Amino acid sequence: CNFKEVCGYPLSIFFIVFCTLGITTVALSVLVLYFRYFLRFDDDLATSIYHTFVALCYLTPILGAIVADSWLGKFKTIIYLSIVYAIGQVVMAVSAIHDITDTDRDGTPDNLTFVLSMVGLLLIALGTGGIKPCVAAFGGDQFQDHQAKQRSTFFSVFYLCINGGSLLSTIITPILRGQECGIHSQQKCYPLAFGVPAALMVVALVVFIIGSGMYHKTEPQGNIMLDVCKCIGFAIKNRFRHRSSSYPKRMHWMDWAEEKHEKLLIAQIKMVLKVLFLYIPLPMFWTLFDQKGSRWTLQATTMDGNFVRFQKHPTTVNPILILTLVPIMDSVVYPLIKKCGLNFTPLRRMTVGMFLAAMAFVAAALVQIQIDKTLPTFPSSSQSQLKLLNMGSIPLTVTLPNNDPFVIEAATVNHLEEVILGIHITKPDCIGRNLTQMLIFVNGMAGAVNVSTFGSIDYSSASNYSLISNGKATFTITNGANTCEYSREFGFGSSYTLLIPSHFVWGPTCSESISGVEDIQPNSFHMGWQIPQYFLITCGEVVFSVTGLEFSYSQAPSNMKAVLQAGWLFTVAIGNFIVLIVAEIAQIEEQWAEFVLFASLLVAVCVIFSIMAYFYTYMDPAEIEAQFRDKDGTEESDKEELQMQKKDFVDHHNEDDEAKQSKM
């Protein structure tokens, strides 16, 4: 092995850090938009599939840890699963090429698109989840004993790299998605949004492989998780077999494994179980936290995003704040709290993090209430909306049943809301409230015309609705012999109907005769109002997630760091499943009420966790392990006691068994 150093760090560590950036640069920031506006899922289904995918990404680390520890080793596991990960992203990119997956050119993806996208997401979940528990541990393996300080710094840098890759993703992928691409029709460029991260992953994998000769590669030593499961299983089975009152009780139910397993292993499992018990309330935090990529993203699509890059995707704020707040917390806030004489223990930090996340959802609910005030009122299920177009040159008076007469001026469009269902209607889809605008042209001229972006429109016919970017847009109208340029400003998240009247005259002032109506007004509540909720959720993440990882590591036995890491990631998966349950079962109509529900649940869980934390006693795993190693290896009396316990257990006559059990 080559242990060349740069500034005290192994040279190999820089290849691993670059690999980390490649792994985390995934198009997660546009995934829910892909479900909603490309696959045409509704909000609840898009949210459900998004959180199912995230949950799978945090379940597969268990599989990755088992493969790495007991079979392939960390290095080969990272390589093989990185290939799976890259293939998954390529499949997702192919699924988003509408020229391939929309064979009938009706604008709706074929069933093949759904199949490909689900296969791609499954491969990505398998790849990224399997890599998660290996990259950090493999990086830690590169340090020698004299580099303990550098190893500690590496884990902080590793966490920052994860968020750096996330920041890169949330900036690049929405920009790529915003491009128009396609051969037969122009649509949002999801293939580019998924394809570029796939290419970056391939580059990262190549760089990682180039550094192969520099790595310290530990051989698989057997999976401690399997030993833990066997020990726990034997303890449960043995306790069930001897559930009769004739058998003496033991200090802890894990002590029933002593007949087959070492006391040291049992003591280590007790420490792990003690921490895992504290994990029980934690999924509720992730239930709220991971909605910043689903519900909060959908919330942003109903807001005015006209400023800088924040309009591309609001979650850009989160990684920026992470990169800023982590060093501020470590170097300023925590030392300041300590100087004030406050004992801000890890569990207290995590409690504060939960509370901040709950307050973030209260802020989201307040934002949603303001958004709802700006949304258009659509007809109820027993009503509809009638759009009347006067393509002539004189005003018309129209009288409908149960309605007063009204006048439609020449070459204008009029809307009647809440008229009796059954009248022929034409109205835009509610999708008009998303990040782009919807537009339709109606041709009232005697002959067909061709409009750029929309194609040919026959006499007395309308084009299909098309999505356009906000801001000023220019369209070219032509009948083959004449051309007219029409320009107009389009608001963010709006829908328009433009009428080319029958008395349209070609010439320099031709655009003045084109009239239109705003079917849906532009989004007016600014996306910047989401910044407070992102600030609160990020502060909660810093004091909860980073502290939780540190706490789990410090309280874990030396050979079970991976066990608790897998347990920590498992809480994230459970949290995402809770979102699925609420989204599919609760069916809360008002989004602000759903946000309040989640906030209330987390506050309740926060109280429960604070009580559990109050009664928790911090441990020193190294000291406990040393005590058991001394007892098992040097004290003859302990050996004789163990033999006597086993003999008495077999004979069923040991009445002093309870007093002889070793204590942690």
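Remember, it's a predicted structure, so these values are computed and weren't measured experimentally.

S.K.: Just to check I follow, could you spell out the overall build of the protein chain for this structure?
M.R.: From N to C terminus, the protein chain includes 20 helices and 17 strands. By residue count, 49% of the 664 residues in the protein chain fall in the buried class. Surface summary for the protein chain: the accessible area is close to 30,600 Å², and the carbon and sulfur share equals 61%.

S.K.: Just to check I follow, could you spell out helix α15 (residues 531-555) for this structure?
M.R.: Given 3.6 residues to a turn, an α-helix orients residues that are three or four positions apart in the same direction. In this model α15 runs 35 Å from its N-terminal to its C-terminal C-alpha over 25 residues, within 8% of the 36 Å that 1.5 Å per residue would give. Along α15, the sharpest change in direction is near 25° and occurs at Glu 541.

S.K.: Any chance you could explain the pattern of salt bridges here in plain terms?
M.R.: Should the charged atoms of two oppositely charged side chains come close, the side chains can pair. With the rule as written, the count across this model stands at 3 salt bridges. A salt bridge links Lys 270 to Asp 255, with the shortest nitrogen-to-oxygen separation between them at 2.8 Å. With Lys 270 in helix α10 (residues 263-279) and Asp 255 in the loop between α9 (224-241) and α10, this pair connects stretches of sequence that are 15 residues apart. For the salt bridge of Arg 295 with Glu 594, the shortest nitrogen-to-oxygen distance reads 3.0 Å. In this pair, Arg 295 is assigned in helix α12 (residues 295-300) and Glu 594 in helix α17 (residues 591-614), connecting sequence segments 299 residues apart.

S.K.: Would you explain helix α3 (residues 43-72) in this entry?
M.R.: Taking 1.5 Å of rise per residue, 30 residues should cover 44 Å, and α3 covers 41 Å from first to last C-alpha, within 8% of that figure. Downstream of α3 by one or two residues, Gly 73 has phi in the positive range, about 85°.

S.K.: When you look at the side chain of Thr 113 in this model, what are you seeing that I'm missing?
M.R.: Mapped onto the fold, Thr 113 is located in helix α6 (residues 111-141). Given the relative accessible area of 0%, Thr 113 is considered buried.

S.K.: What exactly am I supposed to notice about a positive patch on the surface here?
M.R.: On the surface, Lys 230, Lys 237, Arg 241 and Lys 260 cluster together into a positively charged patch. Note that Arg 241 resides in helix α9. When its relative accessible area of 54% is taken as the criterion, Arg 241 is described as exposed.

S.K.: Would you take a moment to explain the sheet that holds strand β15 (residues 483-490) for this structure?
M.R.: Each strand in a sheet pairs with its neighbour through backbone hydrogen bonds, running either in the same direction (parallel) or in the opposite one (antiparallel). The antiparallel open sheet is built from 4 strands, whose spatial order is β11-β10-β14-β15. Lying at the two open borders of the sheet, with one neighbouring strand each, are β11 (455-457) and β15. Going across the sheet, the axis of each strand differs from the next one's by a mean of 30°, ignoring polarity. Here strand β14 (residues 471-478) runs beside β15; their pairing, made up of 8 bridges, is antiparallel. Note that in β15 the partner of Phe 475 across the bridge is Tyr 486.

S.K.: How should I be thinking about the packing of aromatic side chains in this particular structure?
M.R.: Between two aromatic rings, the relevant description is the distance of the centres plus the angle of the planes. Per the stated rule, a full pass over the model turns up 39 aromatic pairs. Considering the side-chain rings of Trp 296 and Tyr 534, the 5.0 Å spacing of their centres and the 75° angle between planes classify their relative orientation as edge-to-face. Residue Trp 296 is located in helix α12, and its partner Tyr 534 is located in helix α15; the two are separated by 238 residues in the primary sequence. For the ring pair Phe 551 and Tyr 616, a centre distance of 5.6 Å and an interplane angle of 65° mean the geometry is edge-to-face.

S.K.: Would you mind going over the state of the cysteines with me for this structure?
M.R.: Disulfides are covalent bonds that link the sulfur atoms of two cysteine residues. Using the criterion set out here, one finds 2 disulfides in the structure. Here Cys 181 connects covalently by a disulfide to Cys 189, the sulfurs 2.3 Å from one another. Sign of the S-S torsion, about 110° for the bond between Cys 181 and Cys 189, identifies this disulfide as right-handed. Each member of the pair, Cys 181 as well as Cys 189, carries the same accessibility label: buried. The disulfide partner of Cys 484 is Cys 510, and the gap between their sulfur atoms is 1.9 Å. Linking Cys 484 and Cys 510, the disulfide has an S-S dihedral of approximately 100° and is accordingly described as right-handed. Of this pair, Cys 484 sits in strand β15 while Cys 510 sits in the loop between β16 (495-500) and β17 (515-520); the two residues are 26 residues apart in sequence, bridging distant segments of the chain. Like Cys 484, the residue Cys 510 is buried in the burial classification. Each bonded cysteine in the protein chain gets a number by its place in the sequence, and the pairs come out as 1-2, 3-4.

S.K.: Is there a simple way to think about the side chain of Thr 538 in this case?
M.R.: Along the polypeptide, Thr 538 turns up in helix α15. Ignoring anything within four residues of it in the chain, the contact list for Thr 538 reads Asn 318, Leu 321, Ile 322 and Leu 325.

S.K.: Got a minute to help me understand a nonpolar patch on the surface in this structure?
M.R.: Residues Phe 355, Val 603, Val 607, Ile 611, Tyr 614 and Phe 615 make up a contiguous nonpolar surface patch of roughly 660 Å² in combined accessible area. No other element matches the 4 residues that α17 contributes to the nonpolar patch. Along the polypeptide, Val 603 turns up in helix α17. Under the relative-accessibility criterion, Val 603 is labelled partly exposed at 33%.

S.K.: Before we go on, may I ask you to explain the packing of α3 against helix α4 (residues 74-95) in this structure?
M.R.: Following both chains from N to C, one finds α3 and α4 inclined at 130°, their axes separated by 8 Å at the closest point. Judged by the inter-axis angle, α3 sits oblique to α4. Considering how the two elements wind past one another, α3 and α4 form a crossing that is right-handed. Facing α3, whose interface residues are Gly 64, Val 67, Ala 68 and Leu 72, α4 presents Lys 74, Lys 76, Thr 77 and Tyr 80. Classifying every residue of the contact of α3 with α4 gives 4 nonpolar, 2 polar and 2 charged.

S.K.: Is there a simple way to explain the environment of Val 275 in this structure?
M.R.: For Val 275, the location among the structural elements is in helix α10. Its relative accessible area of 0% is what places Val 275 among the buried residues. Separated by 343 residues in the primary sequence, Val 275 and Tyr 618 have C-alpha atoms spaced 9.7 Å apart. For Val 275, the contacting residues outside a window of four places in its chain are Phe 551, Gln 555, Leu 564, Tyr 616 and Met 619.

S.K.: Would you take a moment to explain the pairing of β14 for this structure?
M.R.: Looking down a regular strand, the side chains alternate between one sheet face and the other. Here 2 bridges tie strand β10 (residues 449-451) to β14, and the two strands are oriented antiparallel to one another. Counted as the bridge partner of Val 451 is Ile 477 from β14. The antiparallel hairpin formed by β14 and β15 contains 4 residues in its connecting segment, where Gly 480 sits at a positive phi of about 100°.

S.K.: What is the right way to look at unusual backbone geometry in this model?
M.R.: Excluding glycine, a negative phi dihedral is what most residues carry, and trans is how most peptide bonds are arranged. Phi at Arg 40 takes a positive value of approximately 65°, unusual for a residue other than glycine. Residue Arg 40 is classed as partly exposed on the basis of its relative accessible area, which comes to 47%.

S.K.: How should the confidence of the model for the protein chain be read in this particular structure?
M.R.: Any region with low pLDDT has predicted coordinates that should not be read closely. Residue-level pLDDT values for the protein chain average 79, and 81% of them are 70 or greater. Counting contacts from residues 308-312, a segment whose pLDDT is below 50, to residues more than four positions away or on other chains yields 14 contacts. Contacts for the low-pLDDT stretch residues 634-664, under 50 throughout, to residues beyond four places or in other chains number 42 contacts.

Calculation criteria
- Residues numbered from 1 in each chain as written.
- Predicted model: local features only at pLDDT ≥ 70, side-chain atom pairs only at ≥ 80, totals over all residues.
- Heavy atoms only, no water.
- Helix = DSSP H or I, 4+ residues; strand = E, 2+ residues; numbered from the N terminus.
- Buried < 20%, exposed > 50% of the residue type's maximum accessible area, 1.4 Å probe, protein only.
- Areas by Shrake-Rupley, 256 points an atom, 1.4 Å probe, with all protein chains shown as cover.
- Expected span 1.5 Å × (residues − 1).
- Bend = angle between axes of the 7 residues up to and from the residue.
- Salt bridge = Lys/Arg side-chain N within 4 Å of Asp/Glu carboxyl O.
- Patch = residues over 30% accessible without salt bridge, like charges linked within 9 Å, V, L, I, M, F, W, Y side chains within 5 Å.
- Lys, Arg positive; Asp, Glu negative; His and termini not counted.
- Charge placed at Lys NZ, Arg CZ, Asp CG, Glu CD.
- Pairing = 2+ DSSP bridges.
- Axes fitted to C-alpha atoms, helices over the stretch in contact; angles between N-to-C directions.
- Phe/Tyr/Trp six-rings, centres within 6.5 Å; stacked < 30°, edge-to-face > 60°.
- Disulfide = S-S within 2.5 Å.
- Contact = heavy atoms within 4.5 Å.
- Parallel < 35°, antiparallel > 145°, perpendicular 65-115°, else oblique.
- Left-handed = near helix turned anticlockwise from the far one by under 90°.
- Nonpolar A, V, L, I, M, F, W, Y, C, P; charged D, E, K, R; others polar.
- pLDDT = per-residue confidence, 0-100.

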